[in-house]
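Tertiary structure, described
One-letter residues, chain by chain:
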Amino acid sequence: MTAVVNEVTWTARRINRTALITMVVMVFAWAVDYIDRFSIGMALPMIGAEFELSRTQQGWLVTVFALVYMVCQIPAGFLADRYGSRGPMLVTLLLWSAFTAMTGMAGTFGMLLVVRGLFGVCQGHFPAASFKAIAERTTPGNRATATGVMLSAGGIGAGLAPLIVGPLLMAIGWRHTFFWMAGIGAIIGVVVWTLLPKALPEELSSLPRDKVKTPEVSRKQVLKSFVVWKFTLLFCVTNMLNYGMITWVPSYLLESRGLSLSQTGVLAAIPMLVSIGTTVLGGWLFDRYFHDHGRWYLGSIALATAVLLTLMVKADSTAEFTVYETLALAVFSMATMAVFGLPLRVLPTAVVGIGMGVMNFGGQVAGAVAPVAMGWLADTFSYTAAFGFLTGTTLLTAVMAFWVPQNATQFTFSPAKSQAS
């Protein structure tokens, strides 16, 4: 006889175990996502030399991915809400591994652009499903911590990418490097699908109705919400720094500082690895202290980061540059959950997919703009001007922090005639 699982069976121990397993599984998935996505930054000098590309053209290899990835975010949110998280994540992990392999087969710059675009389609459906997985398997009170752990995989992936991809590029070339990463991604996809635990009941995974102004929310309301789009624009501005640094620091160290590829890999990894701990810390701090005071938290972090970026740009030595880069990314990583924390607490689990899809759309606008804008600034002026662009967007983050709501009672939706979506 099949046992009936109801709310009574969800003890605190089982809830915490579900959250823990989900966090571990999602860290692995996101780490592979970032290794696959940002290894192109390490390979750009080799690809650029083989195809005789300018920095602006190299930037387009990142931007074409980001453009397609961006367009997929909102449809991906609908799919995650409609079909859940498990199936879409398996499909996307397997397909993006296939296009990672195809990157290594491209024979022309045009073909590379096409493959990177298709790669963006596949990876573009992953974030909404992953946020949905976290929302389905955590309570609102620990969701920022769990999401912070998951997103810390960005530091793991971006930090490991130079350490793994750099030696592989030197040993077997950029084409075979992408073949190896494709195989690893496919294996991780199957593991994620197998180990992801059962979702919590809706009563446990959403805020009580008396703690939010709009307890019943449709996907249409989320899509039309001015508040959600405010957070979307905020994420766009904050994500400029991540995309800009990951795309152009390796090339800067190679070309302006005269480092070898292996040295570049190590120095590019340090800031990303340090940001792992601060991303997790930021999620915990938000859950524990700042879930009702996000404006001052985010604004202070952004101002401190802008100061560190200014010192980084003015650094005389490579060591000094890396120290300030590391400090800037470590501090700014604490702000991640100041952007995502409140929406994830307030949005009902049934519409988290579309909500996060809309927000991540904004983040990928940054991915489309920052690489090409910085490539153009580096070509036209200097790397100093390119990194100055990031200082400006970080200062804008500090201003926008006071534009968005900072607690659940301020996060409202316009009424709808029908709650069906």
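These figures come from a predicted structure and were not determined experimentally.

1. Brief notes about the overall build of the chain
- A count of helices and strands for the chain gives 16 helices and zero strands.
- C-alpha atoms of the chain, sized along the principal axes, occupy 60 × 50 × 40 Å.
- Here the chain, with 421 residues, has 59% of them falling under the buried criterion.
- When contacts within the chain are restricted to residue pairs at least 6 apart in sequence, long-range pairs at least 24 apart make up 86% of them.
- Of the roughly 16400 Å² that the chain leaves accessible, carbon and sulfur atoms contribute 68%.
- Positive and negative side-chain charges in the chain, numbering 26 and 18 respectively, have mean positions lying 9 Å apart.

2. Some thoughts on the packing of aromatic side chains
- Within this structure, the stated rule accounts for 20 aromatic pairs.
- Summarising the aromatic geometry, the rings of W229 and F361 are spaced 6.1 Å apart at their centres and angled 80° between planes, so their arrangement reads as edge-to-face. Taken together, the residues W229 in helix α10 (residues 226-255) and F361 in helix α15 (residues 352-380) connect sequence positions 132 residues apart.
- By relative accessible area, which is 32% here, W229 ends up partly exposed.
- Taken together, a centroid distance of 6.5 Å and an interplanar angle of 65° make the contact between Y289 and F290 edge-to-face.
- Members of the aromatic cluster, each reached through a chain of ring pairs, are W30, F126, F131, F235 and F340.
- Stacked on the ring of W10, the Lys or Arg R14 has its end atom at 3.8 Å from the ring centre.
- Above the ring of Y83, the side-chain terminus of R82 is found at 5.0 Å from the ring centroid.

3. Thoughts on the nonpolar core
- In terms of nonpolar packing, the biggest core is built from 103 residues, with M26, M245, F340 and F387 touching the most fellow members.
- Excluding residues that lie within four positions of it along the chain, M26 makes contacts with M89, F126, S130, A133, I134, M150 and L196.
- Formed by 18 residues, the second largest nonpolar core is a distinct cluster that contains M42, L53, A161 and F178.

4. Overview of unusual backbone geometry
- Of note in this structure, E52 is not a glycine but carries a positive phi near 55°.
- In this structure, E52 sits in the loop between α1 (12-51) and α2 (55-83).
- Exposure remark for E52: the relative accessible area of 70% places this residue in the exposed category.

5. Some details on the side chain of R116
- Relative to the helices and strands, R116 resides in helix α4 (residues 109-124).
- When its relative accessible area of 1% is taken as the criterion, R116 is described as buried.
- With residues up to four places along the chain from it excluded, the contact list for R116 reads R37, I40, L61, V64, F65, T103 and F178.

6. Section: the environment of F332
- As for its position among the elements, F332 is in helix α13 (residues 318-333).
- Remark: the alpha-carbon pair of F332 and V25, spanning 307 residues in sequence, is separated by 25 Å.
- Not counting residues up to four positions away in its chain, the partners in contact with F332 are T238, L241, I301, A302, T305, T394 and T397.

7. Here's the deal with the domain arrangement of the chain
- By domain assignment, the chain separates into domain 1 (13-202) and domain 2 (218-412).
- The gap between the C-alpha centroids of domain 1 and domain 2 is 18 Å.
- Taken together, the contact between domain 1 and domain 2 spans 52 residues of the former and 54 residues of the latter.
- Buried area between domain 1 and domain 2, both sides added, is near 4500 Å², and the carbon and sulfur share of it is 71%.

8. Some words on a nonpolar patch on the surface
- Where nonpolar side chains cluster on the molecular surface, the patch consists of L160, L163, I164, V266, I270, L273 and V274 and spans about 480 Å² of accessible area.
- Elements represented by at least two residues in the nonpolar patch include exactly α7 (153-195) and α11 (261-290).
- If you trace the backbone, I270 turns up in helix α11.
- Residue class for I270 comes out partly exposed when judged on its relative accessible area of 34%.

9. Considering empty space enclosed by the protein
- Considering all chains together, one arrives at three cavities of 30 Å³ or more under this definition.
- Taken as a whole, the largest cavity spans an internal volume of roughly 480 Å³.
- What lines the largest cavity is a set of 28 residues, among which Y34, L151, N239, N242 and T336 lie closest to the centre.
- The set of elements that each furnish at least two residues to the lining of the largest cavity consists of α1, α7, α10, α11, α13, α14 (336-346) and α15.

10. Observations regarding the packing of helix α3 (residues 86-103) against helix α5 (residues 126-137)
- Running from N to C, α3 and α5 cross one another at 145°; their axes reach a closest spacing of 9 Å. Taken as a pair, α3 and α5 cross one another with a handedness that is left-handed. In contact with R86, P88, M89, T92 and W96 of α3, α5 contributes F126, A129, S130, A133 and R137.
- Here the residues of the contact of α3 with α5 sort into six nonpolar, two polar and two charged.

Cut-offs and rules
Residues numbered from 1 in each chain as written. Predicted model: local features only at pLDDT ≥ 70, side-chain atom pairs only at ≥ 80, totals over all residues. Heavy atoms only, no water. Helix = DSSP H or I, 4+ residues; strand = E, 2+ residues; numbered from the N terminus. Buried < 20%, exposed > 50% of the residue type's maximum accessible area, 1.4 Å probe, protein only. Contact = heavy atoms within 4.5 Å. Areas by Shrake-Rupley, 256 points an atom, 1.4 Å probe, with all protein chains shown as cover. Lys, Arg positive; Asp, Glu negative; His and termini not counted. Charge placed at Lys NZ, Arg CZ, Asp CG, Glu CD. Phe/Tyr/Trp six-rings, centres within 6.5 Å; stacked < 30°, edge-to-face > 60°. Lys NZ or Arg CZ within 6 Å of the ring centre and 35° of its normal. Core = buried A, V, L, I, M, F, W, Y, C linked by side-chain atoms within 4.5 Å. Domains from an automatic or database assignment. Buried area = accessible area lost by both parts, 1.4 Å probe. Patch = residues over 30% accessible without salt bridge, like charges linked within 9 Å, V, L, I, M, F, W, Y side chains within 5 Å. Salt bridge = Lys/Arg side-chain N within 4 Å of Asp/Glu carboxyl O. 1 Å grid on protein atoms, 1.4 Å probe; cavity = no way out; pocket = protein on both sides within 12 Å on 5 of 7 lines; lining within 4 Å. Points joined across faces, edges and corners; volume = space filled by probe spheres on them. Axes fitted to C-alpha atoms, helices over the stretch in contact; angles between N-to-C directions. Left-handed = near helix turned anticlockwise from the far one by under 90°. Nonpolar A, V, L, I, M, F, W, Y, C, P; charged D, E, K, R; others polar.

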